[in-house]
Amino acid sequence: MNAYNSVSRRRFVRGCASGAVALVSTRILGRHAFGQNNSNAPARSGAAARIIPLNTGWLFGGKFDSVATGTQFDDASFTPVTLPHCVAKLSWQNWDFKSWHDVWIYRRHFALPKDSKGLRVFVHFDGVSVGATPTINGTTLGEHLGGYLPFNYELTPWLKDGDNVLAVAVDSRWLDVPPDGAPVGPRRVDYLEAGGICRSAHLELVPSTFIRDVFAKPANVLDSGRHIDVNCTLDAAAADNQPVQVRVELRQADRVIASATESATIGQPGESVVKLTLSKLGDVSLWDVDAPHLYDVVATLLVNDQPVHDHSVRIGLREARFELNGFYLNGRRLQIFGLNRHEIYPYVGFAMPARVMRRDAQILRREFNCNMVRCSHYPQSEAFLDACDELGLMVWEETPGWGYLGDDAWKELLVTNVHDMIIRDRNHPAIVIWGTRANESANDVPLYKRTRELAASLDDSRPTSGSMTSGSRKTVQNWHQDVFAYDDYHAGPNGTVGIDRPVEGVPYLLSEAVGQFNYTAGRRFDSYYRRAGDLTAQTAQALRHAQAHSKAAANKRICGVIAWCGFDYSSLVNSFHNVKTPGVADVFRIPKL
């Protein structure tokens, strides 16, 4: 398998030159670039790059049969489906995990455009739950494990003219993969994870050497020396000693604010990184919760001064700091007022299109007045994160996990998830903190030392944390995080919400509060806040959210509260007809009191 951490379709590039210009280097580009667009493919996304969506045209065959991976298999009886897709037929309640705990088969036929000769072809999946093993024209590729992050396979060696067959075996069983794996089964995780190809997919057609990734990191944004450090990762199919250039530009619409160019030589196959700095930015506008200004950083690969590939990412310039006396955005103290969010919907599980993901961000920011959301307990769709960037909704993003740590292989997957999460999302200005611990897990000192150091090596502009429980307050020396994030569930006097004093010597944030905790009894999580249920209970829920924020705001050592939670979700834990009801809104996003 030749896989790489790719970029989203939106980021993949904007046209900067014609296909004819891209002919300047047959060694780097391949035999020829694309000509005119045809009806079977969208417009070029770069000088020699094309994205071909694969969301339509899939055939779903139900339970897996190895015969169905072959090119000669008759799939006429398969059911046409569109991605995102869930393998199980779900209602809005009473989900049964046995309905998806199996291995399933999908097939997709495709033909490449005639003008794609000499280009490399990758298939990109935004997310498959929970394991995926693709087969291309009868050749089985490696298995990918993990349901919440993208992955890619290079298909180039096995493609042919005419009909190509991509078959995907999807393993949606309870696997030894974060957050799953505990012997007790799905009741060990507080949310149900319906399987399938639950996010989008597409083909990426690129030159033999192309810009694989761009990380644009703003620095010193509050003073006149503000600049952007840019790392451009090149991916080469073969060594080529011909010199190339990488040019980067900071743009606002069609206006170029700053630019820089650096030379490089492709001395060996694989990846190499070209570092550049964009300086003299002038009076750029900062990204803020009330004014989320965004810019594009466009990187272009040139050969003989001619562009052969380009790649764009969207960024915002802002400074976000967690301090002992609170959270600061662009130099001013800002009280965090937020909710946790699950990416789970009635009838489809995780398999909702981008426009619905974006709508959740709009609800949280515009209707619930949140300035921050925690992506509990896994990386969520880029469509949601894109909307957070645009709306000024800050984000805590965390690696998949829920209170359980598995064996060494399981932990390696957790480390891989931290890596892939940061690579995918480090250009999003809305993200202000990385969750590098599995939610409410034990203090595994070697593991979390690794994930914290990995995060710093990939992106040293954000702090790390992970939601912790009362046991972590007693072992401060062991948890190795920049911010102590605490899930505070305890009752104060007269059954009101209790807020603990912050842990000394470290920035302090409440990553959860309220939820379904029974404040009247002072224990248990058996408060049910059904929108169609008891009015007195709903009133108590509203008051408890107010109490949590009010009491936390009274202590300036507390950065704020990300309360539990935004929307009801499917669960086997303390649920009503397998729907858990701690949400400010129900599963249909209809607000409660």
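Note: the structure precedes this text.
Residues numbered from 1 in each chain as written. Predicted model: local features only at pLDDT ≥ 70, side-chain atom pairs only at ≥ 80, totals over all residues. Heavy atoms only, no water.

### Focus on the overall build of the protein chain
Test applied: Secondary structure follows DSSP: runs of H or I at least 4 residues long count as helices, runs of E at least 2 residues long count as strands, and numbering of each begins at the N terminus. Restricting the calculation to C-alpha atoms gives the radius of gyration, and the globule rule supplies 2.2 Å times the number of residues raised to the power 0.38. Burial classification: accessible surface area is computed with a 1.4 Å probe over protein chains only, and a residue below 20% of its type maximum counts as buried, one above 50% as exposed, and the rest as partly exposed. Note on areas: these come from Shrake-Rupley sampling with a 1.4 Å probe, and a residue is covered only by the protein chains present in the view. Positive charges come from Lys and Arg, negative ones from Asp and Glu, while His and the chain ends are left out of the count. Charge positions are represented by NZ for Lys, CZ for Arg, CG for Asp and CD for Glu.
Counting secondary structure elements, the protein chain contains seven helices and 32 strands. Radius of gyration (C-alpha) of the protein chain: 24 Å, near the 25 Å computed for a compact globule of 593 residues. Once the C-alpha set of the protein chain is aligned to its principal axes, its extents read approximately 75 × 65 × 40 Å. Taking all 593 residues of the protein chain together, 60% fall into the buried category. Carbon and sulfur atoms make up 50% of the accessible area of the protein chain, which totals about 21,900 Å². Placing the 63 positive and 63 negative side-chain charges of the protein chain at their respective mean positions leaves the two points 3 Å apart.

### Examining the sheet that holds strand β29 (residues 508-512)
Rules: Any two strands between which DSSP finds at least two bridges are classified as paired. By definition in these notes, contact holds between two residues if any of their heavy atoms fall within 4.5 Å. Every axis in this analysis is a line fitted to C-alpha atoms, fitted for helices over the stretch in contact. Angles between the N-to-C directions lie between 0 and 180 degrees.
On the basis of which strands lie adjacent, the open sheet formed by nine strands has the order β26-β25-β24-β23-β22-β30-β29-β28-β27 and parallel pairing. Edge strands, defined here as strands with exactly one partner in the open sheet, are β26 (464-465) and β27 (467-468). Here strand β25 (residues 431-435) runs beside β26; their pairing, made up of two bridges, is parallel. Bridged to Trp434 within β26 is Thr464. Strand contacts of helix α3 (residues 382-391): β22 (336-341), β23 (372-375), β24 (394-398) and β25, with the helix running at about 165 degrees to β23, the strand carrying the most contacts.

### Focus: the layout of surface pockets
To be explicit about the condition: Cavities and pockets are found on a 1 Å grid laid over the protein atoms alone: a cavity is a set of points where a 1.4 Å probe fits but cannot escape, a pocket is an open set with protein on both sides within 12 Å along at least five of seven lines, and a lining residue has an atom within 4 Å of such a point. Grid points are joined across faces, edges and corners, and a volume is the space filled by probe spheres set on the points. Gly counts as polar in this scheme, as do all residues outside two lists: the nonpolar Ala, Val, Leu, Ile, Met, Phe, Trp, Tyr, Cys and Pro, and the charged Asp, Glu, Lys and Arg.
Reported here for the second largest pocket is a volume of approximately 350 Å³. For the second largest pocket, the lining is made up of 22 residues, of which Phe215, Asn231, Val273, Arg426 and Leu458 are closest to its centre. Mapped by element, the contributors of at least two residues to the lining of the second largest pocket are β12 (209-219), β13 (227-236), β16 (270-278), α4 (408-425) and α5 (445-458). Considering each element in turn, the lining of the second largest pocket owes the most residues, five residues, to β16. Counted by class, the lining of the second largest pocket contains seven nonpolar, six polar and nine charged residues.

### Topic: a nonpolar patch on the surface
For the record, the criterion: Patch membership requires more than 30% relative accessible area and the absence of a salt bridge. Residues of like charge join within 9 Å; the nonpolar side chains Val, Leu, Ile, Met, Phe, Trp and Tyr join within 5 Å. The working definition used for a salt bridge is a side-chain nitrogen of Lys or Arg within 4 Å of a carboxyl oxygen of Asp or Glu.
Residues Trp92, Tyr347, Phe588 and Ile590 make up a contiguous nonpolar surface patch of about 370 Å² in total accessible area. Structurally, the position occupied by Trp92 is in the loop between β3 (79-81) and β4 (103-110).

### Quick look at the sheet that holds strand β15 (residues 255-266)
Strand order in this open sheet of four strands is β15-β14-β17-β18, and the pairing throughout is antiparallel. The open sheet has two edge strands with one neighbour each: β15 and β18 (306-315). Strand-to-strand twist of the sheet, defined as the mean angle between neighbouring strand axes without regard to direction, takes the value 20 degrees. Here seven bridges tie strand β14 (residues 240-252) to strand β17 (residues 295-303), and the two strands are oriented antiparallel to one another. Of the residues in β17, the one forming a bridge with Gln245 is Leu302.

### Some remarks on the environment of Tyr404
This is how it is decided: Any pair of N or O atoms that falls within 3.5 Å is considered a polar contact. Within protein, one atom must be able to donate a hydrogen and the other to accept it, and sequence-neighbouring residues count only if both atoms are side-chain atoms.
Here Tyr404 is to be found in the loop between β24 and α4. Of the residues examined, Tyr404 reaches a relative accessible area of 16% and is grouped as buried. Considered as a pair, Tyr404 and Asp180 are 224 residues apart in the sequence and their alpha carbons are 7.9 Å apart. Discounting residues that sit within four places of it in the chain, Tyr404 has contacts with Asp176, Pro179, Asp180, Gly181, Ala182, Pro183, Arg188, Trp410 and Ala438. Reaching out from Tyr404, the side chain makes a polar contact with the backbone oxygen of Gly181 at a distance of 3.4 Å.

### Observations concerning empty space enclosed by the protein
This model, assessed by the stated rule, comprises two cavities of 30 Å³ or more. In this structure, the largest cavity occupies an estimated 110 Å³ of space. Along the walls of the largest cavity sit 15 residues, with Trp100, His101, Trp174, Asp180 and Glu193 positioned nearest its centre. Of the residues belonging to the lining of the largest cavity, the class tally is eight nonpolar, four polar and three charged.

### A word on the packing of aromatic side chains
The test is simple: Centres within 6.5 Å make a pair out of two Phe, Tyr or Trp rings, where for Trp the six-membered ring is used; the pair is then stacked when the planes are under 30 degrees apart, edge-to-face when over 60, and tilted otherwise. Our definition puts a charge over a ring when NZ of Lys or CZ of Arg is within 6 Å of the ring centre and also within 35 degrees of the ring normal.
Enumeration according to the criterion identifies 26 aromatic pairs in this entry. Centroid distance Trp58 to Tyr106: 6.3 Å. Interplanar angle 90 degrees. Geometry classified as edge-to-face. You can see Trp58 sitting in strand β2 (residues 58-63) and its partner Tyr106 sitting in strand β4, a full 48 residues away along the chain. On the basis of an interplanar angle of 25 degrees and a centroid distance of 5.3 Å, the ring pair of Phe125 and Phe151 is categorised as stacked. Taken together, the residues span a long stretch of sequence, with Phe125 in strand β5 (residues 120-125) and Phe151 in strand β9 (residues 151-154) at a distance of 26 residues. A single burial state applies to Phe125 and to Phe151, both of which are buried. One aromatic cluster is present, formed by Trp58, Phe60, Trp104, Tyr106, Phe125, Phe151 and Tyr153 through successive ring pairs. Above the plane of the ring of Trp396 lies Arg374, whose end atom (NZ or CZ) is 5.1 Å from the centre. One residue, Arg530, lies across the ring of Phe576, its end atom 4.0 Å from the ring centre.

### Let's talk about the side chain of Asn152
For Asn152, the location among the structural elements is in strand β9. A distance of 2.6 Å separates polar atoms of two side chains, one belonging to Asn152 and the other to His124.

### Focus on the packing of helix α2 (residues 354-367) against α3
How we decide: Should the near helix be turned counterclockwise from the far one by less than a right angle, the crossing is left-handed, whereas a clockwise turn marks it as right-handed.
Interhelical geometry of α2 versus α3 gives an angle of 35 degrees and a closest axis separation of 8 Å. By crossing handedness, the relation of α2 to α3 is classed as right-handed. Contacts from Ala354, Met357, Arg358, Asp360, Ala361, Gln362, Leu364, Arg365 and Arg366 of α2 reach α3 at Ala383, Phe384, Asp386, Ala387, Cys388, Glu390 and Leu391. Looking at the contact of α2 with α3 residue by residue, the class counts come to nine nonpolar, one polar and six charged.

### What about the nonpolar core?
We apply this condition: What makes a nonpolar core is a set of buried Ala, Val, Leu, Ile, Met, Phe, Trp, Tyr and Cys residues whose side-chain atoms join them at distances within 4.5 Å.
Ranked by internal contacts, the top residues of the largest apolar core, which has 126 residues, are Trp58, Phe125 and Met394. When residues in this core are grouped by element, the largest group, seven residues, is from α4. In this view, Phe125 contacts Trp58, Leu149, Pro150, Phe151, Leu166, Val168, Ile197, Ser200 and Ala201; residues no more than four positions away in its chain are not counted. Membership of the second largest hydrophobic core comes to 32 residues, among which are Val274, Leu281, Ala299 and Val308.

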